[in-house]
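Each chain is listed here by its residues.
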Amino acid sequence: MADRNSHSNGFESRRPLFCFFTIVTSFFVFSWFFFLRSTSLPHLLNHPSLLNQKPISNNVKETEFPYHSGENEAQQQGTSEKCTTNNAIIRVFMYDLPPEFHFGLLDWKGEEESGKIWPDLSKIPEYPGGLNLQHSIEFWLTLDLLASRFPGRKGPCVAIRVDNSSQADIIFVPFFSSLSYNRHSKVKPPEKLSRNKILQENLIQFLSKKDEWKRSGGRDHVIVAHHPNSMLDARISLRPAMFILADFGRYLQQVANVEKDVIAPYKHVIKSFVNDTSTFASRPILLYFQGAIYRKDGGFIRQELFYLLKDEKDVHFAFGSAKGSGINQASQGMHSSKFCLNIAGDTPSSNRLFDAIASHCIPVIISDEIELPYEDVIDYSEFCVFLRASDALKEGFLMRVIRSIGEREWTRMWRRLIEIEKHFEYQYPSQPDDAVQMIWKVVARKVPSIRLKVHKGRRYSRSRTGKWISRI
Ligand SMILES: *[C@@H]1O[C@H](CO)[C@@H](O)[C@H](O)[C@H]1NC(C)=O
Ligand SMILES: *[C@@H]1O[C@H](CO)[C@@H](O)[C@H](O)[C@H]1NC(C)=O
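Residues numbered from 1 in each chain as written. Chains lettered and ligands numbered in written order. Predicted model: local features only at pLDDT ≥ 70, side-chain atom pairs only at ≥ 80, totals over all residues. Heavy atoms only, no water.

## Some points on helix H10 (residues 352-359)
Piece 1. When you tally the buried positions in H10, you get eight out of eight residues, the bulk of the element.
Piece 2. Among the residues of H10, Arg 352, Leu 353, Phe 354, Asp 355, Ala 356, Ile 357, Ala 358 and Ser 359 are the ones counted as buried.
Piece 3. Within two residues after H10, His 360 carries a phi angle of roughly 55°, on the positive side. (Buried < 20%, exposed > 50% of the residue type's maximum accessible area, 1.4 Å probe, protein only. Helix = DSSP H or I, 4+ residues; strand = E, 2+ residues; numbered from the N terminus.)

## Let's talk about the sheet that holds strand E2 (residues 159-161)
Piece 1. Spatially, E2-E1-E3-E4-E5-E6 is the arrangement adopted by the six strands of the open sheet, whose pairing is parallel. In this open sheet, the two strands that pair with only one neighbour each are E2 and strand E6 (262-263).
Piece 2. Here strand E3 (residues 170-173) pairs with strand E4 (residues 221-224) via three bridges, running parallel. Among the inter-strand pairings, Phe 172 is bridged to a residue of E4, identified as Val 222.
Piece 3. Together, strand E1 (90-94), E2, E3, E4 and strand E5 (242-245) form the strand contacts of helix H4 (residues 137-147), whose direction differs from that of E1 by roughly 105°. (Pairing = 2+ DSSP bridges. Contact = heavy atoms within 4.5 Å. Axes fitted to C-alpha atoms, helices over the stretch in contact; angles between N-to-C directions.)

## Comments concerning the pairing of strand E10 (residues 362-366)
Piece 1. Summarising burial for E10: five of the five residues are buried, a large majority.
Piece 2. Of the two faces of E10, the one lined by Ile 362, Val 364 and Ile 366 and the one lined by Pro 363 and Ile 365 are each fully buried.
Piece 3. Relative to E10, strand E9 (residues 337-343) is paired through five bridges, and the arrangement is parallel. The residue of E10 that forms the bridge with Asn 342 is Ile 365.
Piece 4. Note on the crossover from E9 through H10 to E10: the handedness is right-handed.
Piece 5. In the sheet, E10 pairs with strand E11 (residues 385-386) via two bridges, with the strands oriented parallel. Bridge pairing in E11 places Val 364 opposite Val 385. (Right-handed = clockwise from strand over helix to strand, strands pointing away.)

## Some words on the sheet that holds strand E7 (residues 285-291)
Piece 1. Taken together, five strands build an open sheet; the order of strands is E8-E7-E9-E10-E11 and the sheet is parallel. Sheet topology places strand E8 (315-319) and E11 at the edges, where each strand pairs with a single neighbour.
Piece 2. The sheet contact formed by E7 and E9 spans three bridges and is parallel. Looking at the pairing, Tyr 288 lines up with Cys 340 of E9.

## Topic: the site of ligand 1
Piece 1. Around ligand 1, the structure places Asn 164, Ser 166 and Gln 167.
Piece 2. Side-chain polar atom of Gln 167 to an oxygen atom of ligand 1: 3.4 Å apart, as the coordinates give it.
Piece 3. The protein chains hide 28% of the 360 Å² of surface that ligand 1 would expose on its own. (Near = heavy atom within 4 Å. Polar contact = N/O pair within 3.5 Å; in protein donor to acceptor, adjacent residues only side chain to side chain. Areas by Shrake-Rupley, 256 points an atom, 1.4 Å probe, with all protein chains shown as cover.)

## Some words on the packing of aromatic side chains
Piece 1. A complete count under the given rule lists 22 aromatic pairs for this structure.
Piece 2. On the basis of an interplanar angle of 75° and a centroid distance of 4.9 Å, the ring pair of Phe 139 and Trp 140 is categorised as edge-to-face. The exposure classification of Phe 139 matches that of Trp 140, with both residues buried.
Piece 3. Here the aromatic residues Phe 103, Trp 108, Trp 118, Tyr 127, Phe 139, Trp 140 and Phe 176 are joined through ring pairs into a cluster of three or more.
Piece 4. Directly above the ring of Tyr 251 sits Arg 235, whose terminal nitrogen or CZ lies 3.8 Å from the centroid.
Piece 5. When the ring centre of Phe 280 is taken as origin, the NZ or CZ atom of Lys 338, which lies over that ring, is 4.9 Å away. (Phe/Tyr/Trp six-rings, centres within 6.5 Å; stacked < 30°, edge-to-face > 60°. Lys NZ or Arg CZ within 6 Å of the ring centre and 35° of its normal.)

These figures capture arrangement, not role.
Written out as structure tokens, the structure reads:
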């Protein structure tokens, strides 16, 4: 027994050491296991070589990209790598329209001097300033396409220009229609038609002869018509195409609608508020509005509001358009206001909303018919106040709503404005998620529904040749 005891004692005396050893070992094994699980394993599993990351086929390349945020996005857009047809979000074929349709309207003399169709991007012709600029969307989109294949290009890889239209997701029509309207809608005798009308007529002629147009009936064509009066003569003929517009105010539902077309922001004319350190307290004006008061159509509400608000002390309600020195004045006004009114004018949209965003002045939107850019990915209620026109015209209603928004809520909306303002900036070269990229992404999201329509449209195409119909 004693022996046994002693043996057992001896065993027991070694036990703590054994236990200690076992615990340390298992701890080590476990921690290694968890280390692997938490770090290496997911990496291994996600390693590109283990996944078939190639699109199933080039022809059915997915266009999934709703709106990603954070690292995914940077990765997907390949901010640093070369932009190719495989990593771009949307492949665009652009017609080589003669310069009279685009940069020629900016007095660029390409064709005459060198037979060139597109300008050298190191010497970009300037788009006229002032209020012309608010509709300059055509210019920024075209520049982005022209630069899309530069080897050293910086910036996101969203749209890439391809030379073969069969490999494109959409066909871009580079007509500067807003500029054509702004500059050439007057008839200059002895001519009988304005240049704006002639260009539109020639565009219809050009497109109707193109295989690309015939192939899809124009459905996969993208036409920029941001000025509400641009493309006035051609819009009905070209209605199968996707239009990029400011709003639908002057369009028939069959010609343009939310389903088919894209709403793009105006380019703001007021200076961006760089390094805005203002606070609720440091912006003295509660509510700001500057604009023409007597407008036709939907604009009557401006007059009504003027009479409701004219006696409020901390409200600035003034008339006159933002031209010349008015722009500086309005910049100052919006930079010193907490809220900026955006009332329907003669169209449901106006650049005032985008001026307010650039000024970080919380937009108060009174425009029942307004359509907002990329609203499928941006929740405007986070940084705008919306009021129905019928409510806003009730005595005291508007001011009650505005005054009920305290410092905390205002500051939260102001912060959000600063976060999202980049989505409304047009620039060249374009930057990640600026207006140019946001527009291309909206266009990309429409590609599947365009394909659906094009394919459906082909169902009975044989009938037209007569071959198939004769068998019925
Ligand atoms: C364009 O692409 C289509 C389909 O990928 C191909 O059949 C055709 O040969 C290409 N055309 C040219 C000119 O490369
Ligand atoms: C904004 O702030 C940055 C960093 O402090 C500074 O470099 C820049 O010059 C400022 N810009 C303006 C317009 O004040």
